[in-house]
Amino acid sequence: MDTSQLLKGVLDLAVLAVLRDEDGYGYDVLRRLRGGGMEEVGDASVYGTLRRLYRAGLLTSYVVPSDEGPHRKYYGVNDAGRVRLVESERAWRAFAEAMEGILKEAAA
Amino acid sequence: MSVHTGSPEVVDYLARIRAALADLPAEELAEVMEDVEPHVAEVFAEAGGIERLGSPEAYAAELRAAGGYPPPTAPPPERHGWARFTFWVMVGLALLALFAGLAAAAQGSGSRYAVWVFLLIFVAPGMLWLFTGKVTVADVRRLPEYRSLSRRFHATVAKLPEPVVGYLRSLRPAWGLIRIGLAVLMLLVGRVEAAVVVLGASAVVTWAGPRARTDDRVLPIAVVTNVFLASVLVSLVFAAFTWSTGRHDYGPVQYNDGLTYDGVPLRNLYAVDANGTPLPEFYLYTTGGEPINVPHPMCDENLSPDYHPSNKFPLPMLDSRTGDCVPVTGLPFVPLPQQGSSAPPSTTSLAPSSSTSAPTTAPPTTAPPTTPTR
């Protein structure tokens, strides 16, 4: 089944989550998501999401010069982002629990 | 694997993403591209990366959707013409800057700067459109001619050996110093106006260089002024070579195309006959019968047409009282008596000015000064 529709709703939460402990540039975030099992997440979707979270004031960004190749722009979660992450995580768990129940009911 | 942002495929891919997102605010687009550029370069360097990314337009559409940007607005088609005008004016300006820079150290008057004034008439609207947003940089980037030129440029740069590129890059910090040095050099060789222009261009680069990295609209200014300064540098290096090989032809040297004697320019020539009588008019020829035409360095401004470079001597001289050029009739000196054969036993070195006591044994002159001029 195509999981891209499901991904869309949770990508914000996923991106905030993988940046919670360590800042990262775009490709870092992408690798962490893929490594966590989100194989189908699109490259451009991650970059779009990063920009949207940044514009919403949930991320900070800074440029790190690189000796080889272009400079890299790192993103990190700020305080507002952490607040949002806690809220979203709570909402997601409640949602997942409800979903679980519904699926169980249906299967029974 | 190393990242090559300069490879033509990457440059083209990025240009198409940029074009597809051209309607975003310039600052936001710059931020997006700052993320996307290293990403695309890195993915292109991976095996199979290109297939994963898909077309640049699809990439841009996905980014737009995930980023919550408004749907694309189709650019009005008539922008194309303005963008084209702006682009070609900038190309012309860059070429002109190149030639102006190369000519900067050469001999010449200030009149060559007049062409800049003409060009400004065309450049001004282009820059105005660019800065008021009537033409966006993305419009220019969408032009087929821009893309083809940019692809060719990047392909050429990619072909350069890595040490050359690295060396040129390492020069970048020194460029600021070199620019000031150029102005000083221009002053030293007496090109005051060129020094002023170079100093101005240098100031513009200092302003525009760092800004161009984030604001594309400033890029043409930075490119044009840098091209100008680089070609000034080339012209100075070239000039230094020429000067060091001996020809000191800069500075206010007055050329004398006339006659010289022992390396010293002659102001005039006089002839006397065997009797010491000045010849009022005589004509000079080479062995081949060519008239030895000589301009009149003293009389250039006040010449009547009859006196244009000719082989008729003595040359007319400037009358300091009237300011006119007048024919020379007498001699400004007293000729010494003919030495050798049978000079009269006169002892004074100042020979008599009349012909009465002049030597008579010299062969009489036979050539009458009636040869036609020219």
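Cut-off values and rules
- Residues numbered from 1 in each chain as written.
- Chains lettered and ligands numbered in written order.
- Predicted model: local features only at pLDDT ≥ 70, side-chain atom pairs only at ≥ 80, totals over all residues.
- Heavy atoms only, no water.
- Helix = DSSP H or I, 4+ residues; strand = E, 2+ residues; numbered from the N terminus.
- Buried < 20%, exposed > 50% of the residue type's maximum accessible area, 1.4 Å probe, protein only.
- Contact = heavy atoms within 4.5 Å.
- Buried area = accessible area lost by both parts, 1.4 Å probe.
- Salt bridge = Lys/Arg side-chain N within 4 Å of Asp/Glu carboxyl O.
- Bend = angle between axes of the 7 residues up to and from the residue.
- Core = buried A, V, L, I, M, F, W, Y, C linked by side-chain atoms within 4.5 Å.
- Phe/Tyr/Trp six-rings, centres within 6.5 Å; stacked < 30°, edge-to-face > 60°.
- Lys NZ or Arg CZ within 6 Å of the ring centre and 35° of its normal.

**Student:** Help me out: how do you make sense of the side chain of Arg34 of chain A in this one?
**Tutor:** Relative to the assigned elements, Arg34 of chain A resides in helix α2 (residues 26-35). In this structure Arg34 of chain A comes out as buried when scored by relative accessible area, which is 17%. Among residues more than four places away in sequence, those in contact with Arg34 of chain A are Glu39, Val41, Gly42 and Asp43 of chain A together with Arg52 of chain B.

**Student:** Just to check I follow, could you spell out the interface of chain B and chain A for this structure?
**Tutor:** By convention, interface size is frequently given as the accessible area that disappears when the constituent parts associate. Taken together, the contact pairs 21 residues of chain B with 22 residues of chain A. In total, about 1900 Å² of surface goes out of reach between chain B and chain A, with carbon and sulfur atoms giving 50% of it. Summed over the shared surface of chain B and chain A, the number is 9 salt bridges. Across the salt bridge formed by Glu31 of chain B and Arg51 of chain A, the nearest N and O atoms sit 3.4 Å from each other.

**Student:** Looking at this structure, I do not really get the side chain of Ser202 of chain B. What am I missing?
**Tutor:** Relative to the helices and strands, Ser202 of chain B resides in helix α11 (residues 192-214). With residues near it in sequence (within four places) discarded, Ser202 of chain B still touches Arg179, Ile180 and Leu229 of chain B.

**Student:** Would you mind showing me how to read the pattern of salt bridges here?
**Tutor:** Between side chains of opposite charge, a pair can form as their charged atoms come close. Counting across every chain of the model gives 20 salt bridges over all chains. Here Arg34 of chain A and Asp43 of chain A are joined by a salt bridge, their closest N and O atoms 2.9 Å apart. You'll find Arg34 of chain A and Asp43 of chain A in the same group, each marked buried. A salt bridge links Arg52 of chain B to Asp43 of chain A, with the nearest nitrogen and oxygen atoms 2.6 Å apart. Pair noted here: Arg52 of chain B is in helix α3 (residues 49-53) and Asp43 of chain A is in helix α3 (residues 43-55), and the two residues belong to different chains.

**Student:** Can you walk me through helix α1 (residues 4-18) of chain A in this structure?
**Tutor:** In an α-helix there are 3.6 residues to a turn, and that puts residues three or four apart on one side. Residues and elements named next belong to chain A. Maximum bend of α1: about 60°, positioned at Val10. Within the span of α1, buried status applies to Leu7, Val10, Leu11, Leu13, Ala14, Val15 and Leu16. Buried residues belonging to α1 abut α2, α3, β2 (59-64), β3 (72-77) and α4 (79-107).

**Student:** Can you help me understand the nonpolar core in this one?
**Tutor:** Soluble globular proteins: nonpolar side chains tend toward being buried together. In terms of nonpolar packing, the biggest core is built from 42 residues, with Ile17, Val40, Tyr59 and Leu63 of chain B touching the most fellow members. Those elements that provide at least two residues to this core are α1, α2, α3 and β3 of chain A together with α1 (8-20), α2 (26-45) and α4 (56-67) of chain B.

**Student:** For this particular structure, what's the right way to read the packing of aromatic side chains?
**Tutor:** Note on aromatic pairs: each is described by the distance of the centres and the angle between the planes. Residue and element names in this part refer to chain A. Taken as a whole and assessed by the stated rule, the structure comprises 9 aromatic pairs over all chains. Ring centres 6.3 Å apart and planes at 75° place the aromatic pair Tyr54 and Tyr75 in the edge-to-face group. Taken together, the residues span a long stretch of sequence, with Tyr54 in helix α3 and Tyr75 in strand β3 at a distance of 21 residues. Look at Tyr54 and you get partly exposed, because its relative accessible area is 29%. On the accessibility criterion, Tyr75 (0% relative accessible area) is buried. One aromatic cluster is present, formed by Tyr25, Tyr62 and Tyr74 through successive ring pairs. In this structure, Arg31 packs its charged tip against the face of Tyr27, placed 4.1 Å from the ring centre.

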